[in-house]
Amino acid sequence: MGKLNLEVAKKLIEGAEQEAKRLGIQMVISVLDEGGNLIAVHRMDDAWLASVEIAQNKAWTSVALKMPTANLAEATVPNAELYGLNTTNNGRIVLFGGGIPLTQDEKVVGAVGVSGSSVEHDIQVAQAAVNVFESLKVSEGN
């Protein structure tokens, strides 16, 4: 597929927004590159302002730790081995779902972060963007 760029990010955002609309919710969708740099952020009409930073931080966490943010929930509760992780990196680490890395050839090439609803819906909308990314890899690989 090549490098994650604005053209690809727009497609991921479109797929995520379609899922959010299907659910009847307003979301913020962010796409970052492999270095944690912002490629695009999209705030649907009337989406929470707080979700702009949260969505970007979810994507950043996924790139920085090379895992979905949902994977951090159990390991970061009090008395768990990673308790306090969210206080590192100037508070950018997000410990709940909605951030998912984008991988190509088993390497993290970026991430999507979604915020604006329940954790379940944030994950579902982020996964819609990942599904678009996966479909682009398949079609571009042929």
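This text follows the structure it describes.
Structure report, in brief. (Residues numbered from 1 in each chain as written. Predicted model: local features only at pLDDT ≥ 70, side-chain atom pairs only at ≥ 80, totals over all residues. Heavy atoms only, no water.)

With respect to the helices and strands, the residue I39 is situated in strand β2 (residues 38-43). According to the relative accessible area criterion, I39 is partly exposed, its value standing at 22%. Taking the C-alpha atoms as reference, I39 lies 9.3 Å from K10; in sequence the two are 29 residues apart. Beyond its immediate stretch of four places on either side in the chain, I39 contacts L4, N5, L6, A9, V31, L32 and D33. (Helix = DSSP H or I, 4+ residues; strand = E, 2+ residues; numbered from the N terminus. Buried < 20%, exposed > 50% of the residue type's maximum accessible area, 1.4 Å probe, protein only. Contact = heavy atoms within 4.5 Å.)

Our focus in this paragraph is the nonpolar core. What tends to happen in soluble globular proteins is that the nonpolar side chains get buried as a cluster. Core analysis: the largest hydrophobic core is formed by 25 residues, its most contacted members being L12 and V112. Of all the secondary structure elements, the ones that give two or more residues to this core are α1 (6-23), β1 (28-33), β3 (99-104), β4 (107-115) and α3 (119-141). Sorting elements by how many residues they give to this core places α3 first, with seven residues. In contact with L12, other than residues within four places in its own chain, are L4, V31, L102, A129, V132 and F133. Of all hydrophobic cores here, the second largest spans nine residues; its members include A59, V63, L85 and A111. (Core = buried A, V, L, I, M, F, W, Y, C linked by side-chain atoms within 4.5 Å.)

One can find S115 in strand β4. At 3.1 Å, the side chain of S115 and the side chain of S51 are in polar contact. For S115, the residues in contact, after removing those within four places along its chain, are M27, V28, S51, I54, A55, K58 and D122. (Polar contact = N/O pair within 3.5 Å; in protein donor to acceptor, adjacent residues only side chain to side chain.)

Okay, the environment of E81 next. Here E81 lies in the loop between α2 (50-65) and β3. Looking at E81, the relative accessible area reads 77%, which means it is exposed. Taking the C-alpha atoms as reference points, E81 and E34, 47 residues apart in sequence, are found 27 Å from one another.

Between its first and last C-alpha, α1 extends 25 Å over 18 residues, near the 26 Å set by a 1.5 Å rise per residue. For α1, the N-terminal capping position is held by N5, with its side-chain oxygen 3.2 Å away from the main-chain nitrogen of E7. (Expected span 1.5 Å × (residues − 1).)

Most of β3 is tucked away, with five of its six residues classed as buried. Summarising the sheet, β3 and β4 pair through six bridges and their orientation is antiparallel. Bridge pairing in β4 links L102 to G110. Linkage of β3 to β4, two consecutive antiparallel strands, is achieved through a turn of two residues, within which D105 is found at a positive phi near 55°. (Pairing = 2+ DSSP bridges.)

Next up on the list: the sheet that holds β3. What the four strands build is an open sheet, ordered β2-β1-β4-β3; its pairing is antiparallel. Each end of this open sheet is capped by a strand with a single partner; those strands are β2 and β3. Averaged over all adjacent pairs, the angle separating strand axes in this sheet is 15°, with direction ignored. Helix-sheet contacts for α1 involve β1, β2 and β3, and the interaxial angle to β2 is about 30°. Each of β1, β2, β3 and β4 is contacted by α2, which is oriented at about 155° to β4, the strand it contacts most. (Axes fitted to C-alpha atoms, helices over the stretch in contact; angles between N-to-C directions.)

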